[in-house]
Amino acid sequence: MKTVITYGTFDLFHIGHLKLLQRAKELGDRLIVAVSTDEFNAIKGKKSIIPYDQRAEIVKNIKCVDMVIPEKNWEQKIEDIKKYNVDIFVMGEDWKGKFDFLKEYCEVVYLPRTEGISSTEIKQILQHI
Ligand code: C2G
């Protein structure tokens, strides 16, 4: 069984998130998604609109997602890859190169982002309503 893992905030879940998860799942048989906690988002300098427990619940209920774990820090990726016997680490290509150090542990794949949509853009639209 080929296990794929990806990490993200998944705030205001949108089509870009869905297409990333669907393409990640197509690379294997099991998809694990590590959803950033609110505390970790503060470390990332990101403030999500939707709290962690709701973001995790939404992602958990996406058809192609098999498991959700919390992303609490930058350092957990290697441990996660070993713990879950991950074969492929996937991120959108806005992260291209940033996680190449994981190539020692598993395949690293950066996928094209879905253009024209982002949680930031949605927040900006909401602020002008
Ligand atoms: N994404 C995408 N297309 C978009 C928006 C996002 O493909 N239009 C992808 C991103 O590239 C990322 C995933 O969806 O792979 C989740 O995006 P975010 O929630 O913005 O993730 P981010 O805050 O970048 O957190 O340790 C890694 C970080 O937790 C990533």
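The shown structure was predicted, so the numbers you read here are calculated from the model rather than taken from an experiment. (Residues numbered from 1 in each chain as written. Predicted model: local features only at pLDDT ≥ 70, side-chain atom pairs only at ≥ 80, totals over all residues. Heavy atoms only, no water.)

A.B. asks: Mind laying out the side chain of Ser 118, listing which residues take part and the relevant values?
C.D. replies: Take Ser 118: it is sitting in the loop between strand 5 (107–111) and helix 5 (119–127). Those residues within four positions of Ser 118 in sequence are excluded, and the remaining contacts are His 14 and Arg 113. (Helix = DSSP H or I, 4+ residues; strand = E, 2+ residues; numbered from the N terminus. Contact = heavy atoms within 4.5 Å.)

A.B. asks: Lay out the pairing of strand 2 (residues 30–36) in plain terms, naming residues and giving numbers.
C.D. replies: Summarising burial for strand 2: 7 of the 7 residues are buried, a large majority. Of the two faces of strand 2, both are covered, the one formed by Arg 30, Ile 32, Ala 34 and Ser 36 as well as the one formed by Leu 31, Val 33 and Val 35. Bridge count for strand 1 (residues 3–8) against strand 2 is 6 bridges, and the pairing is parallel. Along strand 2, the bridge assignment pairs Ile 5 with Ile 32. In this view, the connection linking strand 1 to its parallel neighbour strand 2 by way of helix 1 (residues 15–26) has right-handed handedness. Summarising the sheet, strand 2 and strand 3 (residues 67–71) pair through 5 bridges and their orientation is parallel. Within strand 3, the residue paired with Val 33 across the bridge is Val 68. (Buried < 20%, exposed > 50% of the residue type's maximum accessible area, 1.4 Å probe, protein only. Pairing = 2+ DSSP bridges. Right-handed = clockwise from strand over helix to strand, strands pointing away.)

A.B. asks: Go over the UniProt feature "domain: Cytidyltransferase-like" (unreviewed entry) in the protein chain, please, and point to the residues and values.
C.D. replies: On the UniProt side, "domain: Cytidyltransferase-like" (unreviewed entry) is annotated at positions that read residues 5–124 here. Its end C-alpha atoms 30 Å apart, residues 5–124 is made of 35% helix and 22% strand. (UniProt positions renumbered as here; feature names shortened; annotations may be inferred.)

A.B. asks: Please set out the sheet that holds strand 5 residue by residue, giving values where relevant.
C.D. replies: Taken together, 5 strands build an open sheet; the order of strands is 3-2-1-4-5 and the sheet is parallel. Of all strands in the sheet, those bounded by a partner on one side alone are strand 3 and strand 5. Geometrically, the sheet is characterised by an average inter-axis angle of 25 degrees between neighbouring strands, direction not taken into account. When strand 1 meets strand 4 (residues 88–92), the two strands line up parallel, connected through 3 bridges. The partner of Ile 5 across the bridge, within strand 4, is Phe 89. The sheet strands contacting helix 3 (residues 52–60) are strand 2 and strand 3, and the helix crosses strand 2 at an angle near 165 degrees. Contacts from helix 4 (residues 76–83) reach strand 1, strand 3 and strand 4, with the element oriented near 155 degrees to strand 3. (Axes fitted to C-alpha atoms, helices over the stretch in contact; angles between N-to-C directions.)

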